[in-house]
Amino acid sequence: MNVDDYDFHLPEELIAQTPLSDRSASRLLLVNKQNGQLEHRHFTDILDQFQPGDTLVLNDTRVIPARLFGVKEDTGAKAEVLLLKSLGEERWEALVKPGKKLKTGAVIIFSDELRAVIEDEADMGGRTLHFIYTGIFQEILDRLGSMPLPPYIKETLDDRERYQTVYAKHEGSAAAPTAGLHFTRELLEQIKAKGVTIAYITLHVGLGTFRPMSVEKVEEHVMHAEYFVLSKETADVLNAAKARGGRIIAVGTTSCRTLETVGRQSQGGPIEECSGWTDIFIYPGYKFTVVNALITNFHLPKSTLVMLVSALAGRENILTAYEAAIGQQYRFFSFGDAMFIY
C-alpha cells in the first residue's frame with residue numbers, strides 16, 4: 001500500500017489552535033464502520049451511543065512538561081530539548097534543535113540547577129541525554145519545562161491542565177492522548193450511570209507521535225516502541241466483557257494499540273496483567289482482536305493514525321468521513337473535534 005493513498009487536503013484554518021473552554025462542547029462525527037453512514041452530532045451526544053454492558057477504556061497517562069530551553073555551554077547558542085522517554089540513571093531519549101549543532105559531548109545548560117550532556121546520537125534529531133542536577137528532577141522539570149504541544153499548534157497554552165485528561169494519573173507522556181480531552185468528570189459519571197464499565201490502561205506516548213512517515217510503502221514503516229501497563233483489574237474487566245459479548249470501546253488510538261497488543265499476546269486466551277513495550281502498527285488488513293469501537297480525533301494526512309482508523313472503518317469510509325468533516329468545518333488534530341467509529 002502507498003502512503004499517498006492516505007493523503008487529503010486540509011485547509012490550515014481548520015487546525016484547532018486552542019482548546020474549547022468547555023471540554024465536552026466539541027462536535028462529534030458518528031461513523032458506522034459497516035456501511036459508512038455518517039451523522040453530525042455534539043460530543044455530549046456520545047452518551048446516546050453507549051449501551052449497558054459496554055466497556056470504555058481510557059489511557060490515564062499524564063503528560064510531563066517535556067520541552068526545555070537552554071544554551072550550549074561553549075557558544076551560548078540557543079538549544080531546545082524535547083524529552084521522550086526515561087532510560088533510567090538520569091538518562092533520557094530526546095529530540096534536540098538544532099540537531100546539526102548539538103553533537104555527542106555537547107553540554108546544554110538550562111539553569112544553575114540543571115544541565116545535560118549529549119551521550120549518543122540517533123537519526124532525525126534523536127539524542128541520548130545524561131542530566132546533571134541539584135534537587136529533585138521532577139520538581140525542576142515542573143518549574144523549567146513547558147508542555148510539549150505539537151508543532152502545528154502555534155498559540156500559547158495558558159492552562160497546562162487543558163493538555164491533560166481529567167483522569168490523567170501516571171506521568172510519562174511526551175504528548176496527550178487527545179481523544180480523552182473531550183471527557184469531563186460529569187460526563188464520565190453519566191456514562192457509568194448507563195451501565196457502562198470504565199477501565200484504565202497506561203501507554204506513555206513517545207517518539208512516534210512526533211515523527212512523520214518517511215517511506216513510500218505503508219508496510220515499510222517501523223513504529224517506535226512505547227511503554228504500556230495493563231493492570232489485573234483491567235484485565236479482569238476486559239475478560240468479563242468478552243465473555244458476555246459486550247463491546248469494548250477504546251478512547252484514542254493509544255488505548256486501541258495497547259488493547260490490541262495485549263490481545264495479540266493472549267493468543268486467543270484470557271487477557272492477563274502485563275507491562276512492556278509495544279511497537280504495534282495497525283493498518284488496513286489488520287484483524288482486531290479486542291477493540292469493537294473507537295473514539296478518536298481527526299488525524300494528520302498520511303499518518304499512522306489515519307491508517308489505524310482506516311483499518312477499523314475502511315479506507316474509503318474514513319476518507320469520505322474526513323471529506324465531510326472538512327466540508328462541515330470541523331476542527332482538526334489535538335484540540336479539535338471527535339469521531340466515534342462503531
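Our structure is the block above this text.
Before going into details, it helps to say that this report is about the structure given with it. (Residues numbered from 1 in each chain as written. Predicted model: local features only at pLDDT ≥ 70, side-chain atom pairs only at ≥ 80, totals over all residues. Heavy atoms only, no water.)

Quick look at the pattern of salt bridges
Overall, the coordinates contain 17 salt bridges when judged by the stated rule. Notably, a salt bridge pairs Lys-302 with Asp-4, separated by 3.4 Å at the nearest N-O pair. Of this pair, Lys-302 sits in the loop between β16 (293-297) and α5 (304-313) while Asp-4 sits in the segment before β1 (27-31), and the two are 298 residues apart along the sequence. Look at Asp-4 and you get exposed, because its relative accessible area is 55%. (Salt bridge = Lys/Arg side-chain N within 4 Å of Asp/Glu carboxyl O. Helix = DSSP H or I, 4+ residues; strand = E, 2+ residues; numbered from the N terminus. Buried < 20%, exposed > 50% of the residue type's maximum accessible area, 1.4 Å probe, protein only.)

Some remarks on the environment of Ala-225
With respect to the helices and strands, Ala-225 occurs in the loop between β12 (197-203) and β13 (226-230). Between the C-alpha atom of Ala-225 and that of Ala-321, which follows or precedes it by 96 residues, the distance is 30 Å. Those residues in contact with Ala-225 that lie beyond four places of it in its chain are Lys-85, Trp-277, Thr-278 and Asp-279. (Contact = heavy atoms within 4.5 Å.)

As for the packing of α5 against helix α6 (residues 315-327)
Relative to each other, α5 and α6 sit at 120°, their axes nearing to 7 Å. Within the contact between the two elements, α5 uses Val-306, Val-309, Ser-310 and Ala-313 and α6 uses Arg-315, Asn-317, Ile-318 and Tyr-322. For the contact of α5 with α6, the class distribution of residues is 5 nonpolar, 2 polar and 1 charged. (Axes fitted to C-alpha atoms, helices over the stretch in contact; angles between N-to-C directions. Nonpolar A, V, L, I, M, F, W, Y, C, P; charged D, E, K, R; others polar.)

Re the packing of aromatic side chains
One pass over the full model with this rule turns up 18 aromatic pairs. An angle of 65° between the planes, with centres 5.3 Å apart, marks the rings of Phe-131 and Phe-137 as edge-to-face. Judged on exposure class, the residue Phe-131 and its partner Phe-137 are both buried. For the pair Tyr-167 and Tyr-200, a centre-to-centre distance of 5.9 Å together with 55° between the ring planes defines the contact as tilted. (Phe/Tyr/Trp six-rings, centres within 6.5 Å; stacked < 30°, edge-to-face > 60°.)

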